[in-house]
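# Fold and contact review
Here are the chains, one letter per residue:
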Amino acid sequence: MRVFQTFQAFQSQSTRTTPVSRLTIVCLADALGALRKQMFIDLTALGLRATHVSITRRNDRDEASATVTLDCPLASRASLTSLVMRLSGERSVRRVVWSDDSTRRALADAMPAHA
């Protein structure tokens, strides 16, 4: 059964036509709710669909992060870049990290294979 599930996962990844992007925002914990709400309003306005969201809170630093995985067609990259730049300018935001399929593939190709 596990082999079949692995095959299904591999098959669905190889036929994907829309590139996947991941957007992570690290901010003050108190601001996460408002930032997340605004981010989803902006993503919806851009026609981008979130496929997964992960929230992490760090009490020792009073910080939180939201990582959003989304389908981002090549035609929408400029709009997503503008959104990332705007979010980076928010006072409560500490860091914004954005990566996409091509970035992850380039990093994986650059890493040496281990035996």
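First things first, this report covers the structure right here in the doc. (Residues numbered from 1 in each chain as written. Predicted model: local features only at pLDDT ≥ 70, side-chain atom pairs only at ≥ 80, totals over all residues. Heavy atoms only, no water.)

### Considering helix 2 (residues 32–45)
Inclusion rule: Secondary structure is summarised from DSSP: a helix means a run of H or I of at least four residues, a strand means a run of E of at least two, and numbering begins at the N terminus for each. The span expected for a helix works out to 1.5 Å for each residue beyond the first. Partly exposed describes any residue whose relative accessible area lies between the buried limit of under 20% and the exposed limit of over 50%, with all areas from a 1.4 Å probe on protein chains only and scaled to the type maximum. It is the directions from the helix axis to the C-beta atoms whose arc is reported. We call two residues in contact whenever any of their non-hydrogen atoms come within 4.5 Å of each other.
Across its 14 residues, helix 2 extends 20 Å between first and last C-alpha, which sits within 8% of the 20 Å expected from 1.5 Å per residue. Along helix 2, the positions that sit buried rather than exposed are Leu32, Leu35, Met39, Asp42 and Leu43. Considered in projection along helix 2, the buried side chains sweep an arc of 100° and stay on one side of the axis. Those residues of helix 2 that are exposed and aimed more than 90 degrees away from the buried face are Ala34, Lys37, Thr44 and Ala45. Against strand 1 (20–28), strand 2 (49–58), strand 3 (63–71), helix 3 (77–88) and strand 4 (93–100) lie the buried residues of helix 2. Backbone geometry just after helix 2 places Gly47 at a positive phi near 80°.

### Concerning the nonpolar core
Nonpolar side chains in soluble globular proteins generally cluster together in the buried interior. Short version of the rule: To define a nonpolar core, start from buried Ala, Val, Leu, Ile, Met, Phe, Trp, Tyr and Cys residues and group those joined through side-chain atoms within 4.5 Å.
Residues Leu43, Leu80 and Leu87 are the most contacted members of the largest nonpolar core, which totals 21 residues. At the level of elements, strand 1, helix 2, strand 3, helix 3 and strand 4 are the ones that each hand at least two residues to this core. Beyond its immediate stretch of four places on either side in the chain, Leu43 contacts Leu48, Val68, Leu70, Leu80 and Leu83.

### Some thoughts on the pattern of salt bridges
Heads up, the rule is: Salt bridge, as applied in this entry: a Lys or Arg side-chain nitrogen positioned within 4 Å of an Asp or Glu carboxyl oxygen.
Scanning the model with the defined rule gives five salt bridges in all. The partner of Asp42 in a salt bridge is Arg86, and the shortest N-O contact between them spans 2.0 Å. Taken together, the residues span a long stretch of sequence, with Asp42 in helix 2 and Arg86 in helix 3 at a distance of 44 residues. Close ionic contact of Glu90 with Arg86 constitutes a salt bridge, the shortest N to O distance being 3.6 Å. Linked through salt bridges whose partners overlap, the residues forming this network are Asp42, Arg86 and Glu90.

### Considerations on the packing of helix 2 against helix 3
Two quantities define a packed helix pair, namely the angle between the axes and the distance from one axis to the other. Test applied: Angles run from 0 to 180 degrees between N-to-C directions of axes, and those axes are lines fitted to C-alpha atoms, restricted for helices to the stretch in contact. For classification, angles of less than 35 degrees are called roughly parallel, those exceeding 145 degrees roughly antiparallel, those between 65 and 115 degrees roughly perpendicular, and all remaining angles oblique. With the far helix as reference, a near helix turned anticlockwise by less than a right angle produces a left-handed crossing, and one turned clockwise produces a right-handed crossing.
Across the interface, helix 2 lies against helix 3 with an axial gap of 11 Å and an inter-helix angle of 160°. As far as their axial angle goes, helix 3 and helix 2 are roughly antiparallel. In terms of crossing hand, the pair formed by helix 2 and helix 3 is right-handed. Between helix 2 and helix 3, the contacting residues are Leu35, Gln38, Met39, Asp42 and Leu43 on the first element and Leu80, Leu83, Arg86 and Leu87 on the second.

### Looking at the pairing of strand 1
Here is the rule: Should DSSP find at least two bridges between two strands, the strands are taken to pair.
Most of strand 1 is tucked away, with seven of its nine residues classed as buried. Bridging between strand 1 and strand 3 involves nine bridges; their strand directions are antiparallel. Within the sheet, the bridge partner assigned to Thr24 lies in strand 3 and is Thr67. Two elements, strand 1 and strand 4, share seven bridges in a ladder whose sense is antiparallel. Bridging from a neighbouring strand, Val26 pairs with Arg95 of strand 4.

### Structural notes on the environment of Pro73
Mapped onto the fold, Pro73 is located in the loop between strand 3 and helix 3. When the C-alpha atoms of Pro73 and Pro19 are compared, they prove to be 5.9 Å apart, with 54 residues separating the residues in sequence. Once you skip the residues sitting within four places of it in the chain, Pro73 turns out to touch Thr18, Pro19 and Leu48.

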